[in-house]
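Summary of structural features
Each chain is listed here by its residues.
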Amino acid sequence: MLAKVLSSAVIGIEACLVEVEVDIVPGLPSFTTVGLPEIAVRESKERVKSAVKNSGYAFPNDRITVNLAPAHIRKAGTGLDLPIAMGILGATGILPQTSLCEYLFLGELSLDGRVKPVFGSLSMAIAARDAGYKGIIVPHDNRMEAAVVKGIDVYGVANLCQAAAFIDDDASITAVEIDAAGVLDSPCFYHDDFSEIRGQEHVKRAMEIAAAGGHNLLMVGPPGAGKTMLARSMPGILPPLCFEEAIETTRIHSVAGILDPDQSLVSHRPFRAPHHTISEAGLIGGGSLPRPGEVSLAHHGVLFLDELPEYRRNVLEVLRQPLEDRKVTISRAALSVTFPASFILVAAMNPCPCGYATDVHHDCHCSLGQICRYQSKISGPLMDRIDIHVEVPAVSYRDLSLPAVSESSRDICERVIAARQRQSCRLVQSMIYCNAQMNSRHVRTYCRLNSKGASLLENAADRFGMSARAYFRILKIARTIADLAQAEDIHRDHLAEAIQYRGHDNRQFME
């Protein structure tokens, strides 16, 4: 007898629908799975067999063939356990096949019949809704995540018996409802606040500009100057996530398997700080079945790279594409997937190997050659893609001992939100949301200079030997500074401030 059950598989962060066909015919007992199954899918026959028996159902002692269609797409993961088991129960006549075809099933089965959580249930719920299915049956621990998708009923089941009872018209299992707007409106608490940072007012100003325009930022300074604390305070001044951003960020975290069971949405900006020993695949994503890396996990948030020269050069060079395109494409022989990677890069480094080249209170014992080799670990093309370069000096005792009078992150965030709103209104027709995302055509349209401003930028370009990329990035930064000042046009003082944030071009850390 033949039964069909609907399920889904995740490729990248997108879900593709999978039709699980179960055919049971008389013959020698066997269990064959076809349709490009990966190892975990091929092993599901042992889990399914034990789960069906331990749930109180008779397992057919016949020839079982499971086909996963479409057959040209490779299926991975353990989420096909539940649909295969439901297909076997439907093929043996225990469950009505008409009800099986109305819902999409996913879940991993334990040997005692419990339904365990899987990765990517949010993407699968979106795929089921777009395909017009009546509902989706997910593991109990994934119910909150899948329920944020509107337009489809989501049911959470704890074991195989509950899933079978639901198909058999058990009214005790009801759809899960989530107030997604309420989740996003809940306040976000960050451990680090700008009001706790003594001194470094010019660095705080640079970080405010970076947050307002979505610009990348590099901090150069001696150890103990507060670079790490400044970076960790960055998410607190970024605008709150909107619903579309939260959904996209949650999908990435769900596929990566780092979403908490009781968490329905990622409601705050991500902050990722990988160690400098990270590999290329860990940073950019990869694997035989590509998984998102740190640049994608930081999507709509902050990626902090501390001690930048300590990262391997080949690891840093893979940042070029996501910094420019705001996405990552990973190609393999069998497939190619694209992960979103729109993040603000905040990097920190010392000016020399010992760290004290710019510290007036400590002597630097590094030779000029050592300093040049240390700084040359960061390639020119990568440095050129970092919009704002700012020096972080050592904090004086006077600044540390005085009472805190700095603005809080909330106060700065209000100005950042106002600047982002101005950018959104100006760029709404271009489908971009901040100044850092503007291309050269947008820059020519929205970043026009008067004769005095053009003369100032020309002199700066000649003096520093700026590239075309640096030229456009200065204009973007100046546009952001004007937005923070609520100015319609870019004034000369806005441009002058923007130029000084590129003063470290051509590795002039020491000059």
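Owing to the predicted nature of the structure, the values given are computational and were not obtained by experimental measurement. (Residues numbered from 1 in each chain as written. Predicted model: local features only at pLDDT ≥ 70, side-chain atom pairs only at ≥ 80, totals over all residues. Heavy atoms only, no water.)

**Description of the overall build of the protein**
Under the convention used in this document: Strands are runs of DSSP state E lasting at least 2 residues, helices are runs of H or I lasting at least 4, and numbering of each runs from the N terminus. For every residue, the accessible area (1.4 Å probe, protein chains only) is compared with the maximum for its type, and the residue is labelled buried under 20%, exposed over 50%, or partly exposed between those bounds. Just so you know, the count uses Lys and Arg for positive and Asp and Glu for negative, and it drops His and the chain ends. Lys charges are placed at NZ, Arg charges at CZ, Asp charges at CG and Glu charges at CD.
Of the regular secondary structure elements, the protein holds 23 helices and 18 strands. Considering only C-alpha atoms, the protein reaches an extent of 85 × 45 × 45 Å along its principal axes. Expressed as a percentage of its 511 residues, the buried residues of the protein come to 51%. The average position of the 51 basic charges and that of the 58 acidic charges among the side chains of the protein differ by 5 Å.

**Overview of the pattern of salt bridges**
Definition in use: Salt bridge, as applied in this entry: a Lys or Arg side-chain nitrogen positioned within 4 Å of an Asp or Glu carboxyl oxygen.
Applying the stated criterion to the full structure yields 21 salt bridges. Here Glu208 makes a salt bridge to Arg415, at a shortest N to O gap of 2.8 Å. Within this pair, whereas Glu208 is found in helix α9 (residues 201-213), its partner Arg415 is found in helix α19 (residues 409-427), the two being separated by 207 residues in sequence. On the basis of relative accessibility, which here comes to 5%, the residue Glu208 falls in the buried class. With its nearest N and O atoms 2.7 Å apart, the salt bridge here joins Glu407 to Arg415. Overall, Arg415 belongs to the partly exposed group, its relative accessible area being 29%.

**As for the environment of Gly27**
Counted only if it meets this: Pairs of residues are marked as contacts when any of their non-hydrogen atoms sit within 4.5 Å.
Residue position: Gly27 is located in the loop between β2 (14-25) and β3 (30-34). Taking the C-alpha atoms as reference points, Gly27 and Cys16, separated by 11 residues in sequence, lie 33 Å from one another. Excluding residues within four positions of it along the chain, Gly27 makes contact with Asn61, Asp62 and Arg63.

**Structural notes on the packing of helix α22 (residues 468-484) against helix α23 (residues 492-500)**
Counted only if it meets this: Only the stretch in contact is used when fitting a helix axis, every axis being a line fitted to C-alpha atoms; angles between N-to-C directions are given from 0 to 180 degrees. Roughly parallel here means an angle under 35 degrees, roughly antiparallel means over 145, roughly perpendicular means 65 to 115, and every remaining angle is called oblique. A clockwise turn of the near helix away from the far one marks a right-handed crossing, whereas an anticlockwise turn of less than a right angle marks a left-handed crossing.
Two elements in contact, α22 and α23, have axes whose closest approach is 8 Å; the angle formed by their N-to-C orientations is 130 degrees. On the basis of the axis angle, α22 is oblique to α23. As for how α22 packs across α23, the hand of that crossing is right-handed. Contacts between α22 and α23 involve Ile474, Leu475, Ile477, Ala478, Ile481 and Ala482 from the first element and His494, Leu495, Glu497, Ala498 and Ile499 from the second.

**Examining the side chain of Lys476**
The residue Lys476 is located in helix α22 in this model. Despite its burial, Lys476 pairs with no opposite charge; the closest candidate is Glu324, at 6.4 Å N-O. When sequence neighbours within four positions are dropped, the list of residues in contact with Lys476 reads His215, Asn435, Ala436, Met438 and Val443.

**Considering the packing of helix α2 (residues 44-54) against helix α3 (residues 81-91)**
The interhelical angle for the contact between α2 and α3, taken along N-to-C directions, is 55 degrees, at an axis separation of 10 Å. By the criterion of interaxial angle, the relationship of α2 to α3 is oblique. Every pair of crossing elements has a handedness; the one defined by α2 and α3 is right-handed. Side by side, α2 and α3 meet where Ser44, Arg47, Val48 and Val52 of the first sit next to Asp81, Ile84, Ala85, Ile88 and Leu89 of the second.

**Structural notes on the sheet that holds strand β10 (residues 217-220)**
In plain terms, the rule: Two strands qualify as a pair provided that DSSP identifies no fewer than 2 bridges between them.
Reading across from one edge, β11-β14-β17-β10-β18 is the order of the 5 strands in this open sheet, with parallel pairing throughout. At either margin of the open sheet sits one strand with a lone partner, and together these are β11 (271-272) and β18 (388-391). Relative to strand β17 (residues 344-349), β10 runs parallel, the two being bridged by 4 bridges. Bridged to Met219 within β17 is Ala348.

**Considering the packing of aromatic side chains**
The condition that has to hold: Only rings of Phe, Tyr and Trp enter the pairing, Trp through its six-membered ring, and a pair is recorded when the two centres are within 6.5 Å. The plane angle decides the type: under 30 degrees is stacked, over 60 is edge-to-face, the rest tilted.
A full pass over the atoms with the stated rule returns 6 aromatic pairs. Pairing Phe31 with Phe59 gives two aromatic rings, centres 6.4 Å apart and planes at 10 degrees, and the pair type is stacked. In this pair, Phe31 is assigned in strand β3 and Phe59 in the loop between α2 and β4 (63-69), connecting sequence segments 28 residues apart. In terms of burial, Phe31 and Phe59 fall into one category: buried. Relative to Tyr155, the ring of Tyr103 has its centre 6.1 Å away and its plane inclined at 80 degrees; by these criteria the two rings are edge-to-face. Of this pair, Tyr103 sits in strand β5 (residues 103-105) while Tyr155 sits in strand β9 (residues 153-157); the two residues are 52 residues apart in sequence, bridging distant segments of the chain. An aromatic cluster of at least three residues, connected via ring pairs, comprises Tyr103, Tyr155 and Phe166.

**Comments concerning the nonpolar core**
Note on soluble globular proteins: their nonpolar side chains tend to be buried together. Formally: Nonpolar cores were defined as sets of buried Ala, Val, Leu, Ile, Met, Phe, Trp, Tyr and Cys residues, with membership established by side-chain atoms within 4.5 Å.
By size, the foremost hydrophobic cluster in this structure holds 53 residues, and its most contacted members are Leu217, Met219, Met234 and Val346. Discounting residues that sit within four places of it in the chain, Met234 has contacts with Phe194, Met207, Ala210, Ala211, Val302, Ile344 and Val346. Core analysis: the second largest hydrophobic core is formed by 41 residues, Val41, Val52, Ala91 and Ala164 among them.

**What about unusual backbone geometry?**
At the junction of Ala69 and Pro70, the peptide bond is cis and its omega measures out at 5 degrees in the coordinates. Looking at where Pro70 falls in the secondary structure, it is placed in the loop between β4 and α3. One non-glycine residue, Gln200, adopts positive backbone phi at about 55 degrees. Structurally, the position occupied by Gln200 is in the loop between α8 (180-185) and α9. Non-glycine residue Gln486 carries a positive phi angle of around 55 degrees. Note that Gln486 resides in the loop between α22 and α23.

**Considering the pairing of β3**
Working note: regular strand, side chains alternate between the two faces of the sheet. Along β3, the buried face is formed by Phe31 and Thr33; none of Ser30, Thr32 and Val34, which line the opposite face, is buried. As paired elements, β3 and β4 share 5 bridges and run parallel to each other. Each bridged residue has a counterpart across the sheet, and for Val34 the counterpart in β4 is Asn67.

**Comments concerning the side chain of Arg479**
With respect to the helices and strands, Arg479 occurs in helix α22. In this structure, Arg479 is in contact with Arg426, Asn435, Met438, Tyr446, Cys447, Ala487, Glu488, Asp489 and Ile490, ignoring residues within four places of it in sequence.

**Focus on the pairing of strand β8 (residues 135-139)**
Among the 5 residues of β8, 5 are classified as buried, and the element is accordingly described as predominantly covered. Bridging between β5 and β8 involves 3 bridges; their strand directions are parallel. The partner of Phe105 across the bridge, within β8, is Ile137. In this sheet, β9 lies alongside β8 in parallel orientation, the contact comprising 5 bridges. Its bridge partner lying in β9, Gly135 is registered against Asp153.

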